[in-house]
Amino acid sequence: QVQLVESGGGLVQPGGSLRLSCAASRSISSINAMGWYRQAPGKERERVALILSLGTTTYADSVKGRFTISRDNAKNTVYLQMNNLEPEDTAVYYCNARTRVDYWGKGTPVTVSS
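So, here's what we can say about the structure. The model shown is predicted, which means the values in this text are computed figures rather than measured ones.

**Concerning the overall build of the protein**
The helix and strand inventory of the protein stands at zero helices and 11 strands. Listing every helix and strand of the protein by position from the N terminus yields β-β-β-β-β-β-β-β-β-β-β. The globule rule puts the C-alpha radius of gyration for 114 residues at 13 Å, and the 13 Å found for the protein is close to it. Based on the C-alpha atoms only, the size of the protein along its principal axes is roughly 40 × 25 × 20 Å. Across the 114 residues of the protein, 41% fall into the buried class. Nonlocal contacts in the protein, meaning residues at least 24 apart in sequence, comprise 54% of its contacts between residues at least 6 apart. When the accessible area of the protein is evaluated, it comes to approximately 6,100 Å², of which 47% is carbon and sulfur surface.

**Comments concerning the pairing of strand 11 (residues 108-112)**
Side chains of strand 11 alternate between two faces, with Thr108, Val110 and Val112 buried and Pro109 and Thr111 left unburied. Of the strand pairs in this sheet, strand 2 (residues 10-12) and strand 11 are connected by three bridges, and their pairing is parallel. Bridged to Gly10 within strand 11 is Val110. The pairing of strand 9 (residues 91-98) with strand 11 spans three bridges and is classified as antiparallel. Residue Val92 lies in a different strand from strand 11, and its bridge partner there is Pro109.

**Thoughts on the packing of aromatic side chains**
Considering all chains together, one arrives at one aromatic pair under this definition. If you follow Arg45 out to its NZ or CZ, it ends over the ring of Tyr94, 3.9 Å from the centre.

**Some details on the nonpolar core**
Among the nonpolar cores identified, the biggest contains 30 residues, and Leu4, Met34, Trp36, Phe67, Leu80, Met82 and Tyr93 are the most heavily contacted of them. The set of elements that each furnish at least two residues to this core consists of strand 3 (18-24), strand 4 (33-39), strand 5 (46-52), strand 7 (67-72), strand 8 (77-82), strand 9 and strand 11. Apart from residues lying up to four places away in sequence, Met34 is in contact with Leu4, Cys22, Ile28, Ala49, Leu50, Ile51, Ile69, Arg71, Val78, Cys95, Asn96 and Ala97.

**Overview of the pairing of strand 5**
Successive side chains on a regular strand alternate, one facing one side of the sheet and the next facing the other. Pairing between strand 4 and strand 5: six bridges, direction antiparallel. By the bridge assignment for strand 5, Trp36 is matched with Ala49. The turn joining strand 4 and strand 5, which pair antiparallel and follow one another in sequence, is formed by six residues; a positive phi near 75 degrees is taken by Gly42. For strand 5 and strand 6 (residues 57-59), the ladder comprises three bridges, and the chain directions are antiparallel. Within strand 6, the position partnered with Leu50 by the bridge is Thr58. Between the antiparallel neighbours strand 5 and strand 6 lie four residues, among them Gly55 with a positive phi of about 105 degrees.

So, how was this worked out
Residues numbered from 1 in each chain as written. Predicted model: local features only at pLDDT ≥ 70, side-chain atom pairs only at ≥ 80, totals over all residues. Heavy atoms only, no water. Helix = DSSP H or I, 4+ residues; strand = E, 2+ residues; numbered from the N terminus. Rg over C-alpha atoms; globule rule 2.2 N^0.38 Å. Buried < 20%, exposed > 50% of the residue type's maximum accessible area, 1.4 Å probe, protein only. Contact = heavy atoms within 4.5 Å. Areas by Shrake-Rupley, 256 points an atom, 1.4 Å probe, with all protein chains shown as cover. Pairing = 2+ DSSP bridges. Phe/Tyr/Trp six-rings, centres within 6.5 Å; stacked < 30°, edge-to-face > 60°. Lys NZ or Arg CZ within 6 Å of the ring centre and 35° of its normal. Core = buried A, V, L, I, M, F, W, Y, C linked by side-chain atoms within 4.5 Å.

Dropping the structure here:
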């Protein structure tokens, strides 16, 4: 099993930046994929970014060029660097570990507003 704890969310102005962290309870080096998802009020949860165990990354079209997912295996942590934030990025952001089953954190809220 994997426990995931997100942190780093908060209130930021449009154009600002945040870095989200996802701390895992065990080594993440053998986990096939770690990802960040988000869910805005009244909307479905969507995948924002994914990083595979070999390092390959994928992004939703809406965040390409602005967000970067990375992992630090030594710290058992996955990050999401979010730059040039837009109001449309406002959502609760969830960390996901894809193994034989999926594990989810409880989420960290991000609000982008003036």
